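Chain by chain, the residues:
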Amino acid sequence: MASVTLKNIYKIYEDGFTAVNDLSLDIGDKEFIVLVGPSGCGKSTTLRMIAGLEEISKGELYIGDRKVNSVAPKDRNIAMVFQSYALYPNKTVYKNMSFGLELHKVPKDEIRRRVTEAAKVLDIEHLLERRPKALSGGQRQRVALGRAMVRNPDVFLLDEPLSNLDAKLRTAMRTEITRLHQKLGTTFIYVTHDQTEAMTMGDRIVVMKDGVVQQVDTPQNLYNRPVNTFVAGFIGSPQMNFIDGCIIEENEAVTLLVGGDHIPFAGSPESVAPYIGKKVTVGIRPEDIDDSEYFISQHSRSVLSGTVEVKELMGSEVFLYINCLGNKITARVGPETQAKADAEIKFAVDESKIHLFDKESGIRIM
């Protein structure tokens, strides 16, 4: 098994475009780390540089203690699982899984042992004589994972492996891959654009934008303490509400002025002292807003009003899209809500869960 270390990694193409910009990251042995971000953020390019499929423009890459910048992909002892599965259509499942071992002249008995063990772990023993066209999408993905497993790699690289599956199967395969990581105890580096996958699977998450790492942290810390508005808006579904506000001081107490309403400030006054009298971006997650009588009574000093533009019933919860003095606010409330579309509504926010960001830079204030 092995750690992976990236030191000041750049990927600069011939036309001058920088796909990955000064990326430094330490990935621990046996860690499950997820690279997440919108399309074009550099996450797949980073994975391909680790695999050796893309040349590193600048910087150093280590797998374990070995620098591998100039090491061929086949000699890095990594295994990659692709979005497209990349199975040989004319070979059986067994042959697909054993092919790489045969190229490396592994003895036949050892090949059979490894393939059989991997097939048992992945519950595809009964599929070994079938060809890929006779398999479902989930079964093909298991075969692709099995082909990687039999090589006993130091590092698994997974590039959006679930994006071709339907929603139900994607959820099931998330659990399968997490279980597989726990069973194998191998370093996993996983790329996705889906923040739900990132939050449910990763020990740590690397959030990227425009080739630059925005934050590396645990899922809970990313959710509770995003470093900027990009991370705050990317992590969480529905995404965080951003409202223009102002920090003011009244009667020696710090208050947030939001759309003409005053909300008590739950943090320490010292943490926002440089911003007194200045405009800020106020972040409130939809789940920290509610219109129930009990919630409003618990947060009676943080009550706002607006008009419900759209009401979406999701079964166990309801999304309310509210216009609050020109601010578009999404609330995630219980199914017992009495709110109606095109009607006025009173709602409260949990002031202890408010996030504040610098209006110009988007950087977290507190």
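Source: prediction; values computed, not measured. (Residues numbered from 1 in each chain as written. Predicted model: local features only at pLDDT ≥ 70, side-chain atom pairs only at ≥ 80, totals over all residues. Heavy atoms only, no water.)

## Some details on the overall build of the protein
When its secondary structure is counted, the protein shows nine helices and 20 strands. With respect to the principal axes defined by its C-alpha atoms, the protein has extents near 80 × 45 × 35 Å. Here the protein, with 366 residues, has 49% of them falling under the buried criterion. Taking the contacts inside the protein whose residues are at least 6 apart along the sequence as the reference set, 67% of them involve residues at least 24 apart. As displayed, the protein offers around 17,700 Å² of accessible surface, 48% of which is attributable to carbon and sulfur atoms. Computed over 45 positive and 49 negative side-chain charges, the separation of the two mean positions in the protein equals 10 Å. (Helix = DSSP H or I, 4+ residues; strand = E, 2+ residues; numbered from the N terminus. Buried < 20%, exposed > 50% of the residue type's maximum accessible area, 1.4 Å probe, protein only. Contact = heavy atoms within 4.5 Å. Areas by Shrake-Rupley, 256 points an atom, 1.4 Å probe, with all protein chains shown as cover. Lys, Arg positive; Asp, Glu negative; His and termini not counted. Charge placed at Lys NZ, Arg CZ, Asp CG, Glu CD.)

## Some details on the environment of I124
The residue I124 is located in the loop between α3 (108–122) and α4 (137–149) in this model. When the C-alpha atoms of I124 and G306 are compared, they prove to be 55 Å apart, with 182 residues separating the residues in sequence. Setting aside anything within four residues of it in sequence, one finds I124 in contact with M97, A119, R142 and V143.

## Focus: the pattern of salt bridges
Oppositely charged side chains are able to pair whenever their charged atoms sit close together. Inspection of every chain in the model, using the stated rule, returns 16 salt bridges. Between E60 and K67 there is a salt bridge, and its shortest N-O distance comes to 3.7 Å. Relative accessible area serves as the criterion here: at 28%, E60 is assigned to the partly exposed category. Here K67 falls in the partly exposed class, since its relative accessible area comes to 43%. (Salt bridge = Lys/Arg side-chain N within 4 Å of Asp/Glu carboxyl O.)

## Quick look at the nonpolar core
Judged by nonpolar contacts, the single largest core of 46 residues is most densely connected at M97, L145, L158, I177 and Y190. Per-element tally for this core: the top contributor is α3, with six residues. Those residues within four positions of M97 in sequence are excluded, and the remaining contacts are V115, A118, A119, I124, L128, V143, G146, R147 and V150. (Core = buried A, V, L, I, M, F, W, Y, C linked by side-chain atoms within 4.5 Å.)

## Notes on the packing of α4 against helix α5 (residues 167–184)
Relative orientation of the contacting elements α4 and α5 amounts to 20 degrees, with a least axis distance of 11 Å. With respect to α5, the axis of α4 lies roughly parallel. When you trace α4 past α5, the crossing you get is right-handed. Where α4 approaches α5, its residues G137, G138, Q141, R142, L145 and M149 are matched on the opposing element by L169, M173, E176, I177, L180 and L184. Across the contact of α4 with α5, the residue classes tally to seven nonpolar, three polar and two charged. (Axes fitted to C-alpha atoms, helices over the stretch in contact; angles between N-to-C directions. Parallel < 35°, antiparallel > 145°, perpendicular 65-115°, else oblique. Left-handed = near helix turned anticlockwise from the far one by under 90°. Nonpolar A, V, L, I, M, F, W, Y, C, P; charged D, E, K, R; others polar.)

## Details of the pairing of strand β20 (residues 355–358)
Looking along a regular strand, one sees the side chains alternate between the two faces of the sheet. Here β20 shows no split at all, with H355 and F357 on one side and L356 and D358 on the other all buried. Pairing analysis gives four bridges linking strand β14 (residues 279–284) to β20, with the strands arranged antiparallel. Residue pairing across strands places G283 opposite H355, the latter belonging to β20. (Pairing = 2+ DSSP bridges.)

## Some remarks on the sheet that holds strand β11 (residues 241–250)
Strands sit in the order β13-β12-β11-β14-β20 across an open sheet of five strands; the sheet is antiparallel. In the strand order of this sheet, the two ends are held by β13 (261–264) and β20, each with one partner. For this sheet the average axis-to-axis angle between neighbouring strands, irrespective of direction, equals 45 degrees.

## Quick word on unusual backbone geometry
S237 connects to P238 through a cis peptide bond whose omega is -5 degrees. Within the secondary structure layout, P238 lies in the loop between α8 (229–234) and β11. Phi at E160 is positive, roughly 45 degrees, even though this residue is not glycine. Residue placement: E160 occurs in the loop between β7 (155–159) and α5. Of note in this structure, L325 is not a glycine but carries a positive phi near 50 degrees. Within the secondary structure layout, L325 lies in the loop between β17 (318–324) and β18 (327–333). Classification of L325 as exposed rests on a relative accessible area of 62%.

## Re the packing of aromatic side chains
All chains considered together, the criterion is met by seven aromatic pairs. Considering the side-chain rings of F32 and F188, the 5.4 Å spacing of their centres and the 35 degrees angle between planes classify their relative orientation as tilted. One end of the pair, F32, is in strand β3 (residues 32–36); the other, F188, is in strand β8 (residues 187–192), with 156 residues separating them in the sequence. Summarising the aromatic geometry, the rings of Y88 and F99 are spaced 5.1 Å apart at their centres and angled 70 degrees between planes, so their arrangement reads as edge-to-face. Pair noted here: Y88 is in the loop between β6 (78–81) and α2 (93–103) and F99 is in helix α2, with a separation of 11 residues, a long-range link. Residue F99 is classed as partly exposed on the basis of its relative accessible area of 23%. Among the aromatic residues, those joined into a cluster by ring pairs are F32, F156, F188 and Y190. (Phe/Tyr/Trp six-rings, centres within 6.5 Å; stacked < 30°, edge-to-face > 60°.)

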